[in-house]
Amino acid sequence: MENIVIIGNGIAGVSAARHIRKLSDKRIIIVSAETDYFFSRTALMYVYMGHMKFEHTQPYENWFWEKNRIELVNAFVNKVDTENKALTLDGSRTLHYDKLILATGSKPNKFGWPGQNLHGVQGLYSKQDLDLLEVNAPNKEICKRAVIVGGGLIGIELAEMLRTRDIPVTFLVRESSFWNGVLPEGESQMINEHILEHHIDLRLATNLKEIISDENGKVKSVIIAETGEELACDMVGLTAGVTPNMDFLRDSGIELGRGIKVNRFLETNVTDVYAIGDCAEQHEAIGNRRPIEAVWYTGRMMGETVAQTICGNRIEYKPGHWFNSAKFLDIEYQTYGWVFSERGMKDYEAHFHWRHPSEKLCITVAYNKETERFLGINTFGIRMRHEMFDRWLTEEKDVNYVMQHLADANFDPEFYKHHESAILSKYNSDRGTSLKAKKKSFKRIFQLT
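A few points on the structure. Because the structure is predicted, anything quoted here is derived from the model rather than measured. (Residues numbered from 1 in each chain as written. Predicted model: local features only at pLDDT ≥ 70, side-chain atom pairs only at ≥ 80, totals over all residues. Heavy atoms only, no water.)

## Looking at the pairing of strand 6 (residues 93–96)
Every regular strand shows the same layout, with side chains that alternate between the two sheet faces. In the sheet, strand 5 (residues 86–89) pairs with strand 6 via four bridges, with the strands oriented antiparallel. The partner of L89 across the bridge, within strand 6, is R93. Between the end of strand 5 and the start of strand 6, which pair antiparallel, lie three residues, with D90 showing a positive phi angle near 50°. (Pairing = 2+ DSSP bridges. Helix = DSSP H or I, 4+ residues; strand = E, 2+ residues; numbered from the N terminus.)

## Focus: helix 11 (residues 420–431)
Over its 12 residues, helix 11 runs 16 Å from end to end, which matches the ideal 16 Å to within 8%, given 1.5 Å per residue. Within two residues after helix 11, G432 carries a phi angle of roughly 70°, on the positive side. (Expected span 1.5 Å × (residues − 1).)

## Quick look at the pattern of salt bridges
On inspection of all chains with the given rule, the structure shows 29 salt bridges. For K99, the salt bridge identified is with D272, shortest N-O distance 3.9 Å. Of the two residues, K99 is situated in strand 7 (residues 99–102) and D272 in the loop between strand 18 (260–262) and strand 19 (273–275); the sequence distance between them amounts to 173 residues. K99 sits in the buried class, given a relative accessible area of 15%. Salt bridges sharing common partners tie together E2, K26, K85, K99 and D272. (Salt bridge = Lys/Arg side-chain N within 4 Å of Asp/Glu carboxyl O. Buried < 20%, exposed > 50% of the residue type's maximum accessible area, 1.4 Å probe, protein only.)

## Some words on the layout of surface pockets
Approximately 240 Å³ is the volume attributed to the second largest pocket. Lining the second largest pocket are 13 residues, and of these L361, G381, I382, D412 and Y416 sit closest to its centre. Of the residues that constitute the lining of the second largest pocket, the class distribution is four nonpolar, two polar and seven charged. (1 Å grid on protein atoms, 1.4 Å probe; cavity = no way out; pocket = protein on both sides within 12 Å on 5 of 7 lines; lining within 4 Å. Points joined across faces, edges and corners; volume = space filled by probe spheres on them. Nonpolar A, V, L, I, M, F, W, Y, C, P; charged D, E, K, R; others polar.)

## Thoughts on the sheet that holds strand 10 (residues 146–149)
Strands sit in the order 9-16-10-11-12 across an open sheet of five strands; the sheet is parallel. Of all strands in the sheet, those with a lone pairing partner are strand 9 (121–122) and strand 12 (201–204), marking the two edges. Where strand 10 meets strand 16 (residues 235–238), four bridges bridge the pair, whose relative direction is parallel. Residue pairing across strands places V147 opposite V236, the latter belonging to strand 16.

## A short note on the side chain of T57
Along the chain, T57 falls in the loop between helix 2 (44–48) and helix 3 (63–67). At 2.6 Å, the side chain of T57 forms a polar contact with the backbone oxygen of F54. Residues contacting T57, with those up to four places away along its chain left out, are F39, S40, A43, V47 and M52. (Polar contact = N/O pair within 3.5 Å; in protein donor to acceptor, adjacent residues only side chain to side chain. Contact = heavy atoms within 4.5 Å.)

## Section: the nonpolar core
Counting residues in hydrophobic clusters, the biggest one holds 53 residues, and the most contacted among them are I6, V80, L87, L100, I101, L102 and I276. Here I276 is in contact with A12, G13, A16, I101, L102, A103, L266, M302, G303 and V306, once residues within four sequence places are set aside. Grouped together as the second largest cluster of nonpolar side chains are 39 residues, C143, I156, V169 and I191 included. (Core = buried A, V, L, I, M, F, W, Y, C linked by side-chain atoms within 4.5 Å.)

## A closer look at the sheet that holds strand 5
Strands sit in the order 4-5-6 across an open sheet of three strands; the sheet is antiparallel. For this open sheet the edge positions go to strand 4 (77–81) and strand 6, each flanked by a neighbour on one side alone. Recorded for the sheet is a direction-independent mean angle of 25° between the axes of neighbouring strands. Bridge analysis of strand 4 against strand 5 gives four bridges, and the strand direction is antiparallel. (Axes fitted to C-alpha atoms, helices over the stretch in contact; angles between N-to-C directions.)

## Observations regarding the environment of I363
Tracing the backbone shows I363 in strand 24 (residues 362–368). I363 sits in the buried class, given a relative accessible area of 0%. For the pair formed by I363 and I292, sequence separation is 71 residues and the distance between their alpha carbons is 27 Å. Setting aside anything within four residues of it in sequence, one finds I363 in contact with E187, F352, H353, W354, I377, N378, T379, I382, L406 and I423.

## Regarding helix 6 (residues 185–197)
Along its 13 residues, helix 6 runs 19 Å from first to last C-alpha, staying within 8% of the 18 Å computed at 1.5 Å per residue. Considered for burial, the residues of helix 6 that qualify are E187, S188, M190, I191, N192, H194 and I195. The first or second residue beyond helix 6 is H199, which carries a positive phi of 60°.

## Quick word on empty space enclosed by the protein
Enumeration over the complete set of coordinates arrives at one cavity of 30 Å³ or more. The volume enclosed by the largest cavity comes to roughly 50 Å³. Residues that form the lining of the largest cavity fall into these classes: five nonpolar, one polar and three charged.

## Considerations on the state of the cysteines
A complete count under the given rule lists zero disulfides for this structure. Take C279: it sits in no disulfide, and the sulfur closest to it among the cysteines is that of C311, at 19 Å. (Disulfide = S-S within 2.5 Å.)

## Details of the pairing of strand 21 (residues 323–328)
Of the two faces of strand 21, only one is covered, namely that formed by N324, A326 and F328; the face formed by F323, S325 and K327 stays uncovered. For strand 21 and strand 22 (residues 331–337), the ladder comprises six bridges, and the chain directions are antiparallel. Bridging from a neighbouring strand, N324 pairs with T335 of strand 22.

## Digging into the packing of helix 1 (residues 11–23) against helix 7 (residues 296–310)
In the contact formed by helix 1 and helix 7, the axes pass within 7 Å of each other and the chain directions differ by 35°. At the point where helix 1 passes helix 7, the crossing takes the right-handed sense. Where helix 1 abuts helix 7, its residues I11, A12, S15, A16, H19, I20 and L23 lie against W296, G299, R300, G303, E304, V306, A307, Q308 and I310. Of the residues assigned to the contact of helix 1 with helix 7, the class counts are nine nonpolar, five polar and two charged. (Left-handed = near helix turned anticlockwise from the far one by under 90°.)

The following block contains the structure:
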């Protein structure tokens, strides 16, 4: 029986295991030192916020693994010996494989700040980080102020978590506006306002210089690089992005770059070794995508793809049109296709932006200013139907068609206000058009004949 070993029990590794089992009777072993069972990493914040218990983040009952003959090994992999197809676990045990899937995920970035390894300094990625947060910031009496360094999605999640326990938060963001390397200016500015409305001390264009220790080796303050200000705090969250978790592979013969190098079939340079999820780096990026994508759904898709290859149906990884979703405090965010920030806009790209006059709602539509082809959309506070935008991108619809048919894409619950008329009115005003909105048609939505 062929022995398939998967290192990592996140969404990528577990998706691979589940689909290999659906397709074959191979022996499957998942090795992870993080937790005994797979859990939803994106739900960790809700455990700290009291919305659920940790066991509620586990999509499968504990009996699922034995029933599906997926063996779980709680261990740390120290070394991969590709010549002998063997792993060293916890410095002593050996585990042999016929095929190896590396799904080791990411770890928080550290940029060599003085004091970055002090007690009270942590990231927010793993179950261990969640446990540590309960030690470092259980309440506002023990943690009188927290400082968060890094203005991405994890940073704003951590800020929201701490504020639910009334812990004062200072948020250091090196960019001049929140996430403006990703979001267009109007959206980024709206999120700045929203952060401040949640009583978070947002410091834009601000960098960390140093973390200062007390007499017991615990953080007591940080130094701001630009001003030299010393800011007292009891906890520092480092959320300046993540990097692939691959240090244990340095002497394995597996080609490494910023991540574990793979081809379009998710194969490494070593026969029978694959890499998927956050740790995998494409030799050449796929379209406008980054070579490394630390995104939940791409990890799942890579797991499903590599399972086909391992079970004899060698297929290329094709993630399709870019999409993602997130939450900025109370504002839901979705993106479909490509909407670049001003820093990354293509020469052919133009934007239409609409923002509600009083509520935190907005959209930005990107289109080709030469051909009028629809390129993508960002939505904040308005839920949109993924399948519609995926279809319109595939069919290369023009932007006027999309704007007229926005009602087809709206997926807000019943009784929510609809804003398509206001959006189209501003679009007509901005572009000198006289388009009329089409009523929602379920025949079009579901392509009924």
